Number of protein chains: 2
Amino acid sequence: MKRIRIQIVGVIETPFREPAGCPIQPSRAGGAEGTVRVDPRFADGLKDIEGFERIWLTYWLHRASCSTLLVTPFLDEQQRGIFATRAPSRPSPVGLSVVRLLGVEGNILHVADVDMIDGTPLLDIKPYVPEFDCYPNSRAGWFDDSSSRRCLADDRFDR
Amino acid sequence: MKRIRIQIVGVIETPFREPAGCPIQPSRAGGAEGTVRVDPRFADGLKDIEGFERIWLTYWLHRASCSTLLVTPFLDEQQRGIFATRAPSRPSPVGLSVVRLLGVEGNILHVADVDMIDGTPLLDIKPYVPEFDCYPNSRAGWFDDSSSRRCLADDRFDR
């Protein structure tokens, strides 16, 4: 089994202690606020980040259950392939969320729209750039047929 | 130094053999086509993915030079913090690109708008969902002031 080694560059602090009750996505997080503590060794890498309204956080889904290839996502009632969902129990448990950047103090970022568990290990930060990231009319498979207004996770993917 | 182990779930094949000459982002790739070969062990995880027009690829930037915290990005002439750029020489070398999904054949995905090097190790696939991912008016720092029309990388981040 091929594996690579990835570095943890900080920690994400949020109001959510357990998977159950955590927002399912930033867009359904109701503005929940959190803090990104970047390891001071990497603080110089935050230069100029304050100009960005949103940032991508890439993080380790450290509480996700072991990978299953078919899952019933929070917003649907049918089993879907894991790669056709954003569910956390993935072969490589890497999470991806775009959060609003409220402010920067040294190695600390104040953010809103957090949807991860308190203490989540941070792998990377990238700026959100609409030219690179925004495709408003992109067809979205089963999600386009979902009328679920659900905002919070349950414990189905907790380990 | 804290590190975690992430699994390689496939490989991305593209027309680009070297970092120099590779598109800097999918939006500037001119529609370049590639193939994502998912390890057959994970093929069941692709169920339902064909309904999505675009997918996120998360991958290992295996040819990126060692991390530097300040970089001059391709679209600017000033040094910026690495976390305020999409440059590949990151502390955790995880790449992120949204590509168009053209077709699915078993464990093979045909895609367009590829901006990674041929042979790039794939870490994860996620569906692109406009409600989760699209913020068209998000302010984008130094990038908003860049008038560069540059599309192709040079070898500045090659190891």
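Everything numeric here is computed off the predicted structure, so don't read it as measured data. Every chain is numbered independently, its residues counted from 1 as its sequence is written. A letter from A marks each chain and a number from 1 marks each ligand, given out in the order of writing. The model is predicted, so local features are restricted to residues of pLDDT at least 70 and side-chain atom pairs to those at 80 or more, both for listing and for counting; the totals for chains, interfaces and linings are taken over all residues.

> Hey, could you run me through the overall build of chain A in this one?
Scanning chain A from N- to C-terminus turns up two helices and nine strands. In chain A, the succession of α and β elements from N to C terminus is β-β-β-β-β-β-β-β-β-α-α. Counting other C-beta atoms within 10 Å of a residue's C-beta gives its exposure: the residue is buried at 20 or more, exposed at 12 or fewer, and partly exposed in between, where C-beta atoms are placed from the backbone. Per-residue burial over chain A gives 50% buried out of 159 residues. Here contacts are defined at the residue level, using C-beta atoms placed from the backbone and a cut-off of 7 Å between them. Of the contacts formed within chain A by residues at least 6 apart in sequence, a portion of 77% connects residues at least 24 apart. Runs of H or I in DSSP of at least four residues are treated as helices and runs of E of at least two as strands, each being numbered from the N terminus.

> Is there a simple way to think about the interface of chain A and chain B in this case?
A common way to report how large an interface is uses the accessible area buried once the components associate. Each side of the interface is counted separately: chain A has 61 residues, and chain B has 61 residues. Counting residues per element, the ones that place at least two in the side of chain A that touches chain B are β1 (3-7), β4 (54-60), β6 (80-81), β7 (94-105), β9 (120-127), α1 (130-133) and α2 (141-144) of chain A. In this count, Pro and Cys sit with the nonpolar residues alongside Ala, Val, Leu, Ile, Met, Phe, Trp and Tyr, while Asp, Glu, Lys and Arg are called charged and the others, Gly among them, polar. Classifying every residue of the side of chain A that touches chain B gives 34 nonpolar, 11 polar and 16 charged.

> Just to check I follow, could you spell out the nonpolar core for this structure?
Note on soluble globular proteins: their nonpolar side chains tend to be buried together. By size, the foremost hydrophobic cluster in this structure holds 92 residues, and its most contacted members are Ile55(A), Leu57(A), Ile55(B) and Leu57(B). Apart from residues lying up to four places away in sequence, Leu57(B) is in contact with Ile12(B), Val36(B), Ser97(B), Val99(B), Leu122(B) and Ile125(B). Here, a nonpolar core means buried Ala, Val, Leu, Ile, Met, Phe, Trp, Tyr and Cys residues linked by C-beta atoms lying within 7 Å of one another.

> Help me understand the relation of the copies chain A and chain B in this model?
One copy of the chain maps onto the other through a rotation about an axis followed by a shift along the same axis. Of the transformation placing chain A onto chain B, the axial shift is 0.0 Å and the rotation is 180°, giving an RMSD of 0.0 Å. Here the copies are linked by what is in effect a two-fold axis. In this assembly the copies share their binding face: 100% of the residues contributing to the interface of chain A also contribute to that of chain B. Alignment of the copies relies on least squares applied to C-alpha atoms, considering only residues that score at least 70 for pLDDT in both.

> Could you clarify how one ought to interpret the environment of Thr58(A) in this entry?
Looking at the secondary structure, you find Thr58(A) in strand β4. With 23 C-beta atoms counted inside 10 Å, the residue Thr58(A) sits in the buried group. For the pair formed by Thr58(A) and Leu123(A), sequence separation is 65 residues and the distance between their alpha carbons is 5.4 Å. Those residues in contact with Thr58(A) that sit more than four places away from it in its chain are Val94(A), Leu96(A), Leu123(A), Asp124(A) and Val94(B).

> Can you walk me through the sheet that holds β4(A) in this structure?
Two pairing modes exist for strands in a sheet, parallel and antiparallel, and in both the strands are linked by backbone hydrogen bonds. Residues and elements named next belong to chain A. Note on pairing: DSSP must find at least two bridges between two strands before they are called paired. Read around the closed barrel, six strands run β2-β3-β8-β7-β4-β9, paired in antiparallel fashion. Taking each pair of neighbouring strands and ignoring which way they run, the sheet shows an average axis angle of 45°. Pairing between strand β2 (residues 10-13) and strand β3 (residues 33-38): four bridges, direction antiparallel. Each bridged residue has a counterpart across the sheet, and for Glu13 the counterpart in β3 is Thr35. Axes here mean lines fitted to C-alpha atoms, for a helix over just the part in contact, with angles spanning 0 to 180 degrees between N-to-C directions.

> I'm lost on the sheet that holds strand β3 (residues 33-38) of chain B in this one. Help?
All names here are of chain B. Taken in spatial order, the six strands close into a barrel running β2-β3-β8-β7-β4-β9, and their pairing is antiparallel. Here the strands of the sheet are splayed against their neighbours by 45° on average, with no regard to which way each runs. Where strand β2 (residues 10-13) meets strand β9 (residues 120-127), three bridges bridge the pair, whose relative direction is antiparallel. Each bridged residue has a counterpart across the sheet, and for Ile12 the counterpart in β9 is Thr120.

> Help me understand the pairing of β9(B) in this model?
All names here are of chain B. Of all the eight residues making up β9, seven are buried; the element is thus mostly covered by neighbouring parts of the structure. Where strand β4 (residues 54-60) meets β9, five bridges bridge the pair, whose relative direction is antiparallel. Each bridged residue has a counterpart across the sheet, and for Trp56 the counterpart in β9 is Lys126.

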